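Descriptive analysis of the structure
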Amino acid sequence: DTSIPRRINQLLKMEEQDSSSSDEEDDDDTSSPLLTLKDGLSGSVLDALMQFQTNGGCFLEESDTDDDAEEKERAAVLKAKEAKNVIDETGRRLQRREAEEAVKKQQTLMLTTTMLDLVEPSAFANLTNNNHKAEAVSETLITDGVARVNNVLDSDICDRCLADINARFAFFEQEGVTEDAAEEKRDGFGSIFSRNNRYDMYLHNEGPCKEALADMLRPDTVLGDLFRLFLHGETLHEFSSLLCDSGAASQPIHPDTAFSVHAPLWTVFVALQDVTIDMGPTVFLPGTNTLDCHDRLKVDDEKFQMFASCEYRRSLLKKGDCAVMDSRTFHFGDANMSEEKRRVLMYFTIRNPLHSSTGARADYPKGSIWPDLHLSTKDYL
């Protein structure tokens, strides 16, 4: 497909119109949506985009005097790759720009917002049976789109998982891999909003992480019963970790998937250490896993009106606690304002089989998992 996404095309036209206006522009003005060199895009990329648009959605062909068909074919392939790279890079820049603007408005809103803590379902107070607790969690996921479950892992295994993840990350840091990860150019790292000092690092099914997964999903545990008896989820779509270092900015409010009739995925975020406010906990907006909320999210004015009326629950999880989330639920990772604390979460995501039966829009997004890793809840029976 050689067409430029509409948003990019509009920006380029706006730049052409703006080129004849005065250059006396405030360098600190971030309200302009125009794509310029100060946004970080290289001159060559901008030139290529202009060429792409000017020539009717394609790049200039090789000289007509070149009669070598094979050479022309190779050149065409290279041009197609160049076009894709240009569009991909521009899309990433635009996404970052829009996310930064959204966070600015969001931060203003947060100044007058009351933050509540994410707690276990109220029904837990009268329950001792894990099967009954699993049922309560499944009901809470339907209404709120998020539920807390305490003590899914013991302290010792959390410590060993944390040490293992930090050691793996330290190795990647030493090799310079984390810089590529921030630009989504490195295998083993997933895409993530507000990437500075924030990483999504895939996990291997080995060592303490393997042990932890088996411990959480075995029969007669809350999570094991939840997925086998009530949600009927089997396939693990993701198995990864989230690392948020000091200085990480707040993420924009977002869902992980677009709205669909059934939750496409359920994600379990597991705290490997006590999470404090200054470490930037994940904040959930309960009840936003609905079509109405997703429709309003697409309209700027309505979006922030909706945000102003939402309830906010921060997940100040203790070591070994988890939050289970419907992927349609709005949430964001808050800023890590600590001096040197790193917040580390292990997480896994399970596919909802009902979603794949709905036909249109039943695809699953790209997941943070090693391509050769295939896991199922059946593995832990």
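Reading the values: rules and limits
Residues numbered from 1 in each chain as written. Predicted model: local features only at pLDDT ≥ 70, side-chain atom pairs only at ≥ 80, totals over all residues. Heavy atoms only, no water. Core = buried A, V, L, I, M, F, W, Y, C linked by side-chain atoms within 4.5 Å. Buried < 20%, exposed > 50% of the residue type's maximum accessible area, 1.4 Å probe, protein only. Helix = DSSP H or I, 4+ residues; strand = E, 2+ residues; numbered from the N terminus. Contact = heavy atoms within 4.5 Å. Expected span 1.5 Å × (residues − 1). Polar contact = N/O pair within 3.5 Å; in protein donor to acceptor, adjacent residues only side chain to side chain. Pairing = 2+ DSSP bridges. Axes fitted to C-alpha atoms, helices over the stretch in contact; angles between N-to-C directions. Phe/Tyr/Trp six-rings, centres within 6.5 Å; stacked < 30°, edge-to-face > 60°. Salt bridge = Lys/Arg side-chain N within 4 Å of Asp/Glu carboxyl O.

**Some words on the nonpolar core**
With 51 residues, the main nonpolar core has L213, M216, L223, F227, F239, M346 and F348 as its most contacted residues. By residue number, the principal contributor to this core is helix α5 (residues 155-174), which donates 7 residues. Contact partners of M346, with chain neighbours within four places excluded, come to C161, L203, C209, A212, M216, F239, S240, S241, V268, F269, V270 and L272. Listed in part, the 14 residues of the second largest apolar core include M306, C310, Y312 and F330.

**Examining helix α4 (residues 130-143)**
Between its first and last C-alpha, α4 extends 20 Å over 14 residues, near the 20 Å set by a 1.5 Å rise per residue. Within α4 the residues assigned to the buried category are K133, A134, A136, V137, S138, T140 and L141. Lining the buried residues of α4 we find β2 (146-149), α8 (222-230), β5 (265-271) and β8 (322-326). Backbone nitrogen of N131 and a side-chain oxygen of the N-cap are separated by 2.7 Å at the start of α4; the cap is N129.

**Observations regarding unusual backbone geometry**
Non-glycine residue N151 carries a positive phi angle of around 60°. Within the element layout of this structure, N151 appears in the loop between β2 and α5. With a phi close to 65°, N197 is a non-glycine residue in the positive phi region. On the secondary structure map, N197 appears in the loop between α6 (177-182) and β3 (198-202).

**Looking at the environment of L375**
Relative to the helices and strands, L375 is located in the segment after β10 (343-351). Relative accessible area serves as the criterion here: at 8%, L375 is assigned to the buried category. Spatially, the C-alpha atoms of L375 and L236 are 5.4 Å apart, while their sequence positions differ by 139 residues. Setting aside chain neighbours within four positions, we find L375 in contact with N205, L213, E234, T235, L236, F239 and Y380.

**Thoughts on the sheet that holds β2**
Strand pairing in a sheet relies on backbone hydrogen bonds, with the paired strands running either antiparallel or parallel. Taken in spatial order, the 6 strands line up as β2-β8-β5-β10-β4-β3 in an open sheet, and their pairing is antiparallel. With partners counted over all chains shown, the strands left at the sheet margins are β2 and β3, one partner each. Ignoring strand direction, the axes of neighbouring strands in this sheet form an average angle of 25°. Note: β5 against β10, 7 bridges, orientation antiparallel. Within β10, the position partnered with V270 by the bridge is M346. Where α4 meets the sheet, its contacts fall on β2, β5 and β8, and the angle it forms with β2 comes to roughly 150°. The sheet contacts of helix α7 (residues 207-217) involve β4 (236-244), β5 and β10, and relative to β10 the element is tilted by about 55°.

**Let's talk about the packing of aromatic side chains**
Using the criterion set out here, one finds 10 aromatic pairs in the structure. A centroid spacing of 6.2 Å and a plane angle of 55° characterise the contact between F227 and W266, whose relative ring orientation is tilted. Separated by 39 residues along the polypeptide, F227 in helix α8 and W266 in strand β5 bring together distant segments of the chain. When sorted by exposure, F227 lands in the same class as W266, which is buried. By the ring-pair criterion, three or more aromatic residues cluster together here, those being F171, F172 and F189.

**Considerations on the side chain of S240**
Structurally, S240 is set in strand β4. At a separation of 2.5 Å, a polar atom in the side chain of S240 contacts the side chain of D200. When neighbours within four sequence positions are excluded, S240 is seen to be in contact with D200, M201, Y202, L203, L345, M346, Y347 and S368.

**Describing the pattern of salt bridges**
Applying the stated criterion across every chain yields a total of 16 salt bridges. The shortest N-O distance in the salt bridge between R148 and D321 comes to 2.9 Å. Here R148, found in strand β2, pairs with D321, found in the loop between β7 (312-314) and β8; they are 173 residues apart in sequence, far enough to count as distant. The two residues R148 and D321 agree in class, both being buried. For D245, the salt bridge goes to R342, with nearest N and O atoms at 2.5 Å. On the criterion of sequence distance, the pair formed by D245 in the loop between β4 and β5 and R342 in the loop between β9 (331-333) and β10 is long-range, its members being 97 residues apart. Within this structure, D156, R160 and E211 form a network of salt bridges that share partners.

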